[in-house]
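Per-entry structural report
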Amino acid sequence: MNARVLDRSLLYAGAIFLAIWVLVPFYLIAISAFTPQAKIFDYPKPLVPGSLSTDTMQFFVEARGVIPSVLNSLVVALFTIVFGLALGAPAGYALARFRFRGREAFQVVVLMTKMFPIAILSIPLAVTFLQLGLYDNLISVALVHTAMALPFIVLVTGGVFVAVSHELEEAAQTLGCSRWGAFLRIVLPLALPGLAAAAIFTFVISWNEVFAATILTLRTRTLPAQVLASLSTSPLAFKFAGGLFMVLPAIVFIFLIRKYLMNLWGSR
Amino acid sequence: MAGITIDGVSKIFGKTPALKDVTLDIADGEFMVLLGPSGCGKTTLLRCVAGLEQVNGGRIRIGERDVSDLAPRDRNIAMVFQSYAVFPHMTVSSNIGFGLRMKRRPKPEIEKRVREGAELLGLVPFLDRYPAQLSGGQRQRVAVARALVMDAPVLLMDEPLSNLDALLRLQARADLKRLHKEVKRTTIYVTHDQVEAMSMGDRIAVMREGAIEQLGAPMEIYDNPATQFVGGFIGSPPMNFLRGAIRDGAFAGDGFTVPLSRPHGAEGREMLLGVRAEHILIGGDGVAAKVLVVEPLGAHALVTVLVGKTPVKVQAPIDVAVKADDPVRLRLDESRLRWMDAASGSALPN
């Protein structure tokens, strides 16, 4: 009994420590982004900001290249979602429904691709895209992002489809649906929240990805690539505002879909 | 209307044979129960008829039509699943009408038949609810209604009562039987519960390891089990078996002798003697035994006695005056004894 209480306390202490570890920098970035530019260099920094202003954010948004790069980022993310779900969801479905030889191995291999650093691939990728005439093209960035997001999409959607009982699908088939019809009318509506979660997660991956986006583009920069490119020449206020702007969607979305991310480790 | 012919059907999962050359004729309007322990192939056989599994050999005909290679939706069947498989994102009325909508029936007809189905199963007050707002028993009825309104000549049920609690199951069992009398569909009903099988089936096919061990009317199977397995599976309590051989005009085994007025079989042959609990009387001057435990069950008492080294269940009157460790004598109803070959477990002709 006491051991259990101790276990719980340790667990919570660990969780709280990790949360602080992650949240304190976020918090500092956030208050800095809403501090008037003149006060950014104040030291020691007050933990509760004395005066809030949107000056800094406004300065960032109005900076040259920011708006177009936001649009570029959105376009890339949307293409990534479309490509990623079109390729990944069927694979997830197959993992969930069919007992095929090498199924377990396939799951591991899918995850293992994440261990392969994109840096090693970057030069061959850039060369290939140059040869194909896809260099400095949003589609090419979306393709690379798709490749990066696919392992997660496959595993998350696999978990989503497992949660939809196979008997429902079979019942629909005995009631006059084809296999495909049963999928459309029964499985898809029930899997939709999970698929939406996978889509949002894909969006976050693409939105935050900087390396491939920087390597593969010159003029059509995504937002992270744009911020990175102007990092050394921009004032501190710009960096704080840009950091917050990029991190915010990720935090909000991850919070919304956290229950589906658990499928990655749990359920199977 | 249509009967079902299962002709030499086999099914293999990987390397494991799930069905071995199963042949079964089901008459039009018959209520056929597939009974057996888990893993015996009963559900696989049902799924083969439904078209949810492809057979590896043999043919399946519904009426005159060979359906072996057809998709489930082209077989003219309706099915009730063990988990009910009620669609959680649809109301009760959408669930019941789903099959009719898939068949593109006109809207007024769908409404009328959903209404009829709901009335038949007492679901009218719940038509606008979602499955999550229903109890297990109500969900089960939605699944049955959804299958019935299809007007398919063949109704397949896969353990539809196994997820209900005991009291509800008793009620639902009677309801399903009454329903079958009303709608007269050819029905295949899969269960592992021998009481369900006995009480509902026109005929029972007892399955074991992918084959039909015995096929017959419930009482026929109960009275004349074809094998030791069937006798031990059907009945509550199951049939008692004593191992021994005929010696000097009596059946003698390890530590017991059953006197017989008309010895059965050849002298010295190893046999099993099968006898049901209700065909044994405590008293008289028959087989010597010792009482192990007495269980009063309300209407009667179930007495477990030790005959030689074999525990034997005896159905006794509730006021039976024996207690644990009492020595007793048993009288076996000789006309009800069943004889089986000790090695194969197969019944010998009476």
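Residues numbered from 1 in each chain as written. Chains lettered and ligands numbered in written order. Predicted model: local features only at pLDDT ≥ 70, side-chain atom pairs only at ≥ 80, totals over all residues.

**Some words on the overall build of chain A**
For the record, the criterion: Labels follow the DSSP assignment, with helices taken as runs of H or I lasting at least four residues and strands as runs of E lasting at least two, numbered in each case from the N terminus. Note on burial: count the other C-beta atoms lying within 10 Å of the residue's C-beta; 20 or more is buried, 12 or fewer is exposed, in between is partly exposed, and C-beta positions come from the backbone.
The helix and strand tally for chain A stands at 11 helices and 0 strands. In sequence order, chain A lays out its α and β elements as α-α-α-α-α-α-α-α-α-α-α. Principal-axis analysis of the C-alpha atoms gives chain A an extent of 70 × 65 × 35 Å. Sorting the 268 residues of chain A into buried and exposed places 35% on the buried side.

**Some thoughts on the overall build of chain B**
Selection criterion: C-beta atoms are placed from the backbone for every residue, and two residues are taken to be in contact when these atoms lie within 7 Å.
Secondary structure assignment for chain B yields 8 helices and 19 strands. In terms of principal-axis extent, the alpha carbons of chain B reach across some 75 × 45 × 35 Å. Here chain B holds 350 residues, and 41% of them are scored as buried. For chain B, long-range pairs separated by at least 24 residues make up 63% of all intrachain contacts whose partners lie at least 6 apart in sequence.

**Focus on the sheet that holds strand 18 (residues 327-332) of chain B**
Residue and element names in this part refer to chain B. Using the following cut-off: For two strands to count as paired, DSSP must find a minimum of two bridges between them. Fitted lines through C-alpha atoms give the axes, limited to the stretch in contact for helices. The angle between two N-to-C directions lies from 0 to 180 degrees.
Read across the sheet, 4 strands follow the order 17-16-15-18 without closing on themselves; strand pairing throughout is antiparallel. Here the strands that pair on one side only, and so sit at the sheet edges, are strand 17 (310-317) and strand 18. Within the sheet, the average angular offset between the axes of one strand and its neighbour, ignoring direction, is 55°. Pairing between strand 15 (residues 280-296) and strand 16 (residues 300-307): 6 bridges, direction antiparallel. Along strand 16, the bridge assignment pairs Pro296 with Ala301.

**What to know about the packing of helix 7 (residues 166-174) of chain A against helix 8 (residues 179-208) of chain A**
All names here are of chain A. How we decide: By definition in this entry, angles of less than 35 degrees are roughly parallel, angles greater than 145 are roughly antiparallel, angles of 65 to 115 are roughly perpendicular, and the rest are oblique. Helix crossings fall into two classes, left-handed where the near helix is turned counterclockwise from the far one by less than a right angle and right-handed where it is turned clockwise. Amino acids are sorted into nonpolar (Ala, Val, Leu, Ile, Met, Phe, Trp, Tyr, Cys and Pro), charged (Asp, Glu, Lys and Arg) and polar (every other residue, Gly among them).
Viewed as axis vectors pointing N to C, helix 7 and helix 8 meet at an angle of 125°, and their least axial separation amounts to 9 Å. Between helix 7 and helix 8, the angle is such that the two are oblique. The crossing of helix 7 and helix 8 is right-handed. Along its contact with helix 7, which presents Leu168, Glu169, Ala172 and Gln173, the element helix 8 presents Arg179, Ala182, Arg185, Ile186 and Val187. Of the residues belonging to the contact of helix 7 with helix 8, the class tally is 5 nonpolar, 1 polar and 3 charged.

**Thoughts on the interface of chain B and chain A**
The interface is formed by 19 residues belonging to chain B together with 14 residues belonging to chain A. Where the side of chain B that touches chain A is concerned, the elements lending two or more residues are strand 6 (77-80) and helix 2 (92-102) of chain B. When its residues are assigned to classes, the side of chain B that touches chain A shows 14 nonpolar, 3 polar and 2 charged.

**Concerning the sheet that holds strand 6 of chain B**
Sheet strands pair via backbone hydrogen bonds, and the direction of the pair is either parallel or antiparallel. All names here are of chain B. Across the sheet, 6 strands lie side by side as 6-7-8-3-9-10; this open sheet has mixed pairing. On the outer flanks of this sheet lie strand 6 and strand 10 (211-216), each paired with one strand and no other. Averaged over all pairs of adjacent strands, the angle between their axes in this sheet comes to 20°, without regard to strand direction. Where strand 6 meets strand 7 (residues 154-158), 4 bridges bridge the pair, whose relative direction is parallel. From the neighbouring strand, Met79 faces strand 7, where its bridge partner is Leu156.

**Side note on the environment of Val156(A)**
Residue and element names in this part refer to chain A. Tracing the chain through its elements places Val156 in helix 6 (residues 138-162). Using a count of 27 C-beta atoms within 10 Å as the deciding quantity, one classes Val156 as buried. Spatially, the C-alpha atom of Val156 lies 7.4 Å from that of Gly92, the residues being 64 residues apart in sequence.

**Description of the confidence of the model for chain A**
Detailed conclusions should not be drawn from predicted coordinates in areas where pLDDT is low. Applied cut-off: Per residue, pLDDT measures the predictor's confidence, with a range of 0 to 100.
The pLDDT averaged across chain A works out to 85; a share of 94% of its residues lies at or above 70. Across chain A, element-level confidence peaks in helix 7 of chain A with a mean pLDDT of 95 and bottoms out in helix 2 (residues 55-62) of chain A with 79.

**Observations regarding the pairing of strand 14 (residues 270-275) of chain B**
All names here are of chain B. Among the 6 residues in strand 14, 5 count as buried, and that is most of the element. The sheet contact formed by strand 11 (residues 240-247) and strand 14 spans 6 bridges and is antiparallel. Counted as the bridge partner of Asn240 is Val275 from strand 14.

**Examining helix 8 of chain A**
Put simply, the rule is: Residue count minus one, scaled by 1.5 Å, sets the expected span of a helix. The bend at a residue is defined as the angle formed between two axes, one fitted to the seven residues ending at that residue and one fitted to the seven starting there.
For helix 8 of chain A, spanning 30 residues, the distance from its first C-alpha to its last is only 38 Å, which falls clearly below the expected 44 Å at 1.5 Å a residue. Considering bend angle alone, the principal kink of helix 8 of chain A is centred on Leu192(A) and spans about 55°; proline Pro193(A) follows within four residues of it.

**Let's talk about unusual backbone geometry**
Apart from glycine, the bulk of residues carry a negative phi angle, and the bulk of peptide bonds sit in the trans form. All names here are of chain B. Ser236 connects to Pro237 through a cis peptide bond whose omega is 5°. Mapped onto the secondary structure, Pro237 falls in the loop between helix 8 (228-233) and strand 11. Positioned with a positive phi, Glu159 is a non-glycine residue whose angle comes to about 45°. Mapping Glu159 onto the fold places it in the loop between strand 7 and helix 5 (166-183). Although it is not a glycine, Lys184 adopts a positive phi angle of roughly 55°.

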